[in-house]
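# Structure at a glance
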Amino acid sequence: MDLSYTAEEEDFRARLRDWLSSVLPALPPKPPPDDWPGRRAYDLGWQRRLHDAGYADVHWDASPTLRLIFLEETERAGAPYVGANFVGLLHAGPTIAAEGTAEQRARWLPPILRGEEVWCQGFSEPGAGSDLAALRTRARRDGDTYVVTGSKIWTSHAEVADWCELLVRTDPGAPKHQGITWLVLPMDAPGITVRPLRTLAGSAEFAEVFLDEVRVPVANRVGDENDGWRVTMVTLSFERGTAFAGEVVACRRVLGELAVEARENGRWDDPALRRRLGRLDAEFRALWRLTQWNVSAAEASGGVPGTGGSVFKLRYSHARQELYDAAAQVLGPDCLDLDRPWALERLSSLSYTIAAGTSQIQHSIIAERALGLPKGR
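Residues numbered from 1 in each chain as written. Predicted model: local features only at pLDDT ≥ 70, side-chain atom pairs only at ≥ 80, totals over all residues. Heavy atoms only, no water.

To continue, consider helix α4 (residues 86–99). In this model α4 runs 19 Å from its N-terminal to its C-terminal C-alpha over 14 residues, within 8% of the 20 Å that 1.5 Å per residue would give. Of all bends in α4, the biggest is about 40°, found at Ala92, and the proline Pro94 comes one to four residues later. The buried fraction of α4 amounts to 11 of the 14 residues, a majority that puts the element mostly inside the structure. Within the sequence span of α4, burial applies to Phe86, Val87, Gly88, Leu89, Leu90, His91, Ala92, Gly93, Pro94, Thr95 and Ile96. (Helix = DSSP H or I, 4+ residues; strand = E, 2+ residues; numbered from the N terminus. Expected span 1.5 Å × (residues − 1). Bend = angle between axes of the 7 residues up to and from the residue. Buried < 20%, exposed > 50% of the residue type's maximum accessible area, 1.4 Å probe, protein only.)

Here it is as structure tokens:
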């Protein structure tokens, strides 16, 4: 498989670098982490700048390779992360682009790209986290609407979202993977209660969402009724396959900063630490190559990442935790000071082997879909 870039792709990289170097110095200060209305406005403003410069459509209308170059260069330049836009840009948007009708694509994709609307993800439930297909939120068909009752947890950015990609059970009598439907929920609908959740790192980007007889138009269904599990696999393939690409670049940058810090504070003299950082450097270089391979494979198969995304997600989750464990080793006792660089990231890294599918789930996906091993009983 050819992992090199074409002349056209390198030209795109050069133009993007020039634009980033001109626009980033003029950005306003980023709001505090706990100011989500402010962060929503900041993140939407950045997305609007990308749109006006002609870069907003890289998430759907460009090739996967151009998308990868975009993520690589924006992270290297220190550009704002997608932030509150991440569900819309990296999960829901690509899913609607791949599975939605022409009317749905026309309604929901342009506002995401223009930085006008924020999405959240309503997948996990208190009793159905790793076993996502065991969800119990019900949707009863009533004419041209679904009446939804249930609850969701770990709903990213629900407190500032306009829309939610929502999984519901529409046929409780069907096998659990066959009775699920993928809906677009308007977050201002009557009957919705949002309760923010505070994480170990002190942030509140997640929330519980309670749904009490909430009406959702049938026109907001993506895919057929009871075909939501297949659509969900498309969503998760984007989440595990390309959504973390920019973070690999960020981890490589952090690794270099750790080496500088270790030299300055004297911990570079520890040969065990040097070996650890060297091994992590090789790890993230390999993960970047795996990302390129996954993108090339997606490009050859119509743009949707395959099971290689689970391979990447499994290893990346553990590598990120190892990176910030190494950061604690470099900082020493200062790693307990949450105002120091990397301290909060170390706390948040603990969630990565759970978020977007636990490592145990990824092991099962790889065993069954990539290696062809029989399903466990």
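The predicted model of the chain has a mean per-residue pLDDT of 85, with 84% of residues at 70 or higher. Taken element by element, the chain is modelled with least confidence in helix α11 (residues 359–370), mean pLDDT 64, and with most confidence in strand β8 (residues 221–222), mean pLDDT 98. (pLDDT = per-residue confidence, 0-100.)

All right, on to the packing of helix α1 (residues 7–23) against helix α2 (residues 36–53) then. At a minimum axis separation of 12 Å, α1 and α2 run at an interaxial angle of 135°. As summarised for this structure, α1 and α2 are arranged oblique, according to the angle between their axes. Seen from above, α1 lies across α2 with right-handed handedness. On α2, the residues touching Trp19, Leu20 and Val23 of α1 are Trp46, Arg49, Leu50 and Ala53. Each residue belonging to the contact of α1 with α2 can be placed in one class, and the counts come to six nonpolar, no polar and one charged. (Axes fitted to C-alpha atoms, helices over the stretch in contact; angles between N-to-C directions. Parallel < 35°, antiparallel > 145°, perpendicular 65-115°, else oblique. Left-handed = near helix turned anticlockwise from the far one by under 90°. Contact = heavy atoms within 4.5 Å. Nonpolar A, V, L, I, M, F, W, Y, C, P; charged D, E, K, R; others polar.)

Glancing now at the packing of aromatic side chains. One pass over the full model with this rule turns up six aromatic pairs. Each ring, one from Trp19 and one from Tyr55, has its centre 5.3 Å from the other, and the planes form 45°; the classification is tilted. With Trp19 in helix α1 and Tyr55 in the loop between α2 and α3 (64–76), this pair connects stretches of sequence that are 36 residues apart. By way of ring pairs, the aromatic residues Phe12, Trp19, Trp46 and Tyr55 are connected into one cluster. A cation sits over an aromatic face here: Arg263 above Trp268, 4.1 Å from the ring centre. (Phe/Tyr/Trp six-rings, centres within 6.5 Å; stacked < 30°, edge-to-face > 60°. Lys NZ or Arg CZ within 6 Å of the ring centre and 35° of its normal.)

Quick look at the environment of Glu159 now. Position of Glu159 relative to the elements: it lies in the loop between β3 (145–152) and β4 (163–169). Sequence separation of Glu159 and Phe206 is 47 residues, and the distance between their C-alpha atoms is 8.1 Å.

Quick look at the pattern of salt bridges now. What the rule picks out here adds up to 26 salt bridges. In this structure, the salt-bridge partner of Asp11 is Arg15, at a minimum N-O distance of 3.0 Å. One end of the pair is Asp11 and the other is Arg15, both in helix α1 and four residues apart, which spans about a single turn. One connected set of salt bridges, linked through shared partners, spans Glu10, Arg13, Arg17, Glu72, Glu73 and Arg76. (Salt bridge = Lys/Arg side-chain N within 4 Å of Asp/Glu carboxyl O.)

What follows is about the packing of α4 against helix α5 (residues 102–113). α5 packs onto α4 with a crossing angle of 160° between their chain directions and a minimal axis gap of 10 Å. By the angle between their axes, α4 is roughly antiparallel relative to α5. Pair α4 / α5 crosses with left-handed handedness. In this structure, α4 contributes Gly88, Leu89, Gly93, Ile96 and Ala97 to the contact, and α5 contributes Gln104, Arg105, Trp108, Leu109, Ile112 and Leu113. Classifying every residue of the contact of α4 with α5 by side-chain character gives seven nonpolar, three polar and one charged.

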